Number of protein chains: 2
Amino acid sequence: MSVLKDKILLVATDLFHTRGINSTGVDTIVAVAGTTKMTLYKYFNTKEQLIIEVLKKSQQDFQSWLDEKLNSNTKKPADKIQYLFDYIEEWVNSSAFIGVGFIKASAEFPNEENAIHKLSSLQSREFRQFISKLAMEANIKDADGLALQLSLLFEGAAQAEQMKRGSGAIKYAKKAAKILIDGAIKQS
Amino acid sequence: MSVLKDKILLVATDLFHTRGINSTGVDTIVAVAGTTKMTLYKYFNTKEQLIIEVLKKSQQDFQSWLDEKLNSNTKKPADKIQYLFDYIEEWVNSSAFIGVGFIKASAEFPNEENAIHKLSSLQSREFRQFISKLAMEANIKDADGLALQLSLLFEGAAQAEQMKRGSGAIKYAKKAAKILIDGAIKQS
DNA sequence: AATATTTTATACCGATAGGTATATACAAAA
DNA sequence: TTTTGTATATACCTATCGGTATAAAATATT
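Residues numbered from 1 in each chain as written. Chains lettered and ligands numbered in written order. Predicted model: local features only at pLDDT ≥ 70, side-chain atom pairs only at ≥ 80, totals over all residues. Heavy atoms only, no water.

Chemist: Sorry if this is basic, but what is going on with the relation of the copies chain A and chain B here?
Modeler: The operation relating the two chain copies consists of a rotation about an axis and a shift along that axis. Relative to chain B, chain A is turned by 180° and slid 0.0 Å along the rotation axis, the superposed coordinates differing by an RMSD of 0.0 Å. Taken together, the rotation angle and the small translation identify this as a two-fold axis. Proximity to the rotation axis, assessed at the C-alpha, singles out Gly156 of chain A in chain A; its C-alpha lies 2.0 Å from the axis. Most of the interface of chain A is mirrored in chain B, where 100% of its interface residues are also at the interface. (Least-squares fit on C-alpha atoms with pLDDT ≥ 70 in both. Contact = heavy atoms within 4.5 Å.)

Here it is, written out as structure tokens:
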């Protein structure tokens, strides 16, 4: 990938999170990235396409980071779900955390027919399925149900952190997750 | 309140939720409301002021509805928290539900210094305190902690419903809430 | 009925939105 | 060294943004 395309993606990601997507013009992006609109539109057909690529990259980066964290922990796969919120907490509390892309995007593009909204919805669903897989490996009976509940805690905590940075919401989300996981295990 | 001001507020509320706040221009609002910009700017100094009044009214309406529901149920105040998510479910599943204003607004105005963001943050905090009061009346020890957890479920479910209408997330949020409430009561 | 006052409608303001036509700078290939 | 193709920069397009000056219409007062 071109170094400039990468720079544009990086800058756009930051600006979208700190100023909002619709409030960030392409002129601002290229100015901060130190390039021009012609260059931007060479790599991205439209602003919508840029938004979509930003969202995809953000989610991929997070998933990769999370996968590695979970795998570096050499425990049995069945135990991964127990550590999920520890890593989520680490991620949320890291200085690099600037929010969850698909949460913000779905708010700015509420129309369910919109391509960006559809992608956000898909990413949310995929993350839930990822949790569900962890739950299944932990032999939890209602894996999908637990995954949905944990994803609500995750999205709620991300939301809370967006409203007030350093809210500490994730700490309580983690506690709630433990209660729900333990309860689900008992019934399995 | 003037009938036209009321109409503008109503139309703006709907458009903000269905199209997004930043994506809805004042021209569109007055066109749908059947009036003109001069009239709008007579009642609201700026678009920001209109947004703020829309947010305040939305939250007041929801709180009033919820209060009445909780009070019409003639149970002891200590039991109200047990029914909280039943009413939230009713509200979310009603056809009138179009989302939670402060959640969307905080996503569109991420800057913590922004007046709209500050209001969103305040409303989220106030709702959490409302839940905390219910928890205290139910003699729950860590009322604030439980309230925070329940608010995460609430905001997560609202988020999920925003991503995919009719997701059924609220049903599982309700189940999770029951587990957390029962657990908190046991420790009190 | 004539005047005074408020409300509404039209037309416009500069700034910025996303996007592009054209020209120039710069490589690599010949 | 000249040619050829690609990447970059400048300038500009139309549409729309939030907001307003001004004039017409409607209402109230005398």
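Chemist: Could you clarify how one ought to interpret the protein's contact with DNA strand D in this entry?
Modeler: Lining the immediate environment of DNA strand D, one finds 15 residues, of which Met38 of chain A together with Val26, Lys37, Tyr41 and Lys47 of chain B sit closest. Sugar and phosphate atoms constitute 52% of the interface atoms of DNA strand D, taking the interface as everything within 4 Å of the protein. Within the backbone of Val26 of chain B, a nitrogen or oxygen atom sits 2.9 Å from a phosphate oxygen of DNA strand D. Tyr41 of chain B is positioned with one of its side-chain polar atoms (N or O) 2.8 Å from a phosphate oxygen of DNA strand D. Elements that contribute at least two residues to the surface near DNA strand D include exactly helix H3 (37-43) of chain A together with helix H2 (26-33) and helix H3 (37-43) of chain B. If one sorts the elements of the surface near DNA strand D by residue count, H3 of chain A sits on top with 4 residues. A per-class count over the surface near DNA strand D returns 6 nonpolar, 5 polar and 4 charged. (Near = heavy atom within 4 Å. Polar contact = N/O pair within 3.5 Å; in protein donor to acceptor, adjacent residues only side chain to side chain. Helix = DSSP H or I, 4+ residues; strand = E, 2+ residues; numbered from the N terminus. Nonpolar A, V, L, I, M, F, W, Y, C, P; charged D, E, K, R; others polar.)

Chemist: Can you help me understand the nonpolar core in this one?
Modeler: In globular proteins that are soluble, nonpolar side chains generally tend to be buried together. Ranked by internal contacts, the top residues of the largest apolar core, which has 82 residues, are Phe85 and Leu153 of chain A together with Phe85 and Leu153 of chain B. Apart from the residues within four sequence positions on either side, Phe85 of chain A is in contact with Leu150, Leu153, Phe154, Ile170, Ala173, Lys174 and Ala177 of chain A. (Core = buried A, V, L, I, M, F, W, Y, C linked by side-chain atoms within 4.5 Å. Buried < 20%, exposed > 50% of the residue type's maximum accessible area, 1.4 Å probe, protein only.)

Chemist: Where do I start with the interface of chain A and chain B in this structure?
Modeler: Interface size is commonly expressed as the accessible surface area that is lost when the partners come together. If you look at the interface, chain A gives 42 residues, while chain B gives 42 residues. Carbon and sulfur atoms supply 62% of the area buried between chain A and chain B, which totals about 3300 Å² over both sides. Looking only at chain A, the three residues that lose the most surface to chain B are Leu152, Met163 and Tyr172 of chain A, adding up to 21% of its buried area. Across the contact surface, chain A and chain B share 0 salt bridges. At the junction of chain A with chain B, the criterion picks out 16 residue pairs in polar contact (both at pLDDT 80 or more). The set of elements that each furnish at least two residues to the side of chain A that touches chain B consists of helix H1 (3-19), helix H6 (101-108), helix H7 (115-137), helix H8 (143-163) and helix H9 (169-186) of chain A. No other element matches the 12 residues that H8 of chain A contributes to the side of chain A that touches chain B. (Buried area = accessible area lost by both parts, 1.4 Å probe. Salt bridge = Lys/Arg side-chain N within 4 Å of Asp/Glu carboxyl O.)

Chemist: I tried to follow the protein's contact with DNA strand C on my own but got confused; where do I start?
Modeler: The immediate surroundings of DNA strand C are formed by 14 residues, with Val26, Lys37, Tyr41 and Lys47 of chain A together with Met38 of chain B found nearest. Counting only atoms of DNA strand C within 4 Å of the protein, the fraction found in sugar and phosphate groups is 52%. Note that a phosphate oxygen of DNA strand C is positioned 2.8 Å from one of the side-chain N or O atoms of Tyr41 of chain A. In this structure, a phosphate oxygen belonging to DNA strand C sits 2.6 Å away from a side-chain N or O atom of Lys47 of chain A. Those elements that provide at least two residues to the surface near DNA strand C are helix H2 (26-33) and H3 of chain A together with H3 of chain B. Counted by class, the surface near DNA strand C contains 5 nonpolar, 5 polar and 4 charged residues.

Shape is all these values report; function is a separate question.
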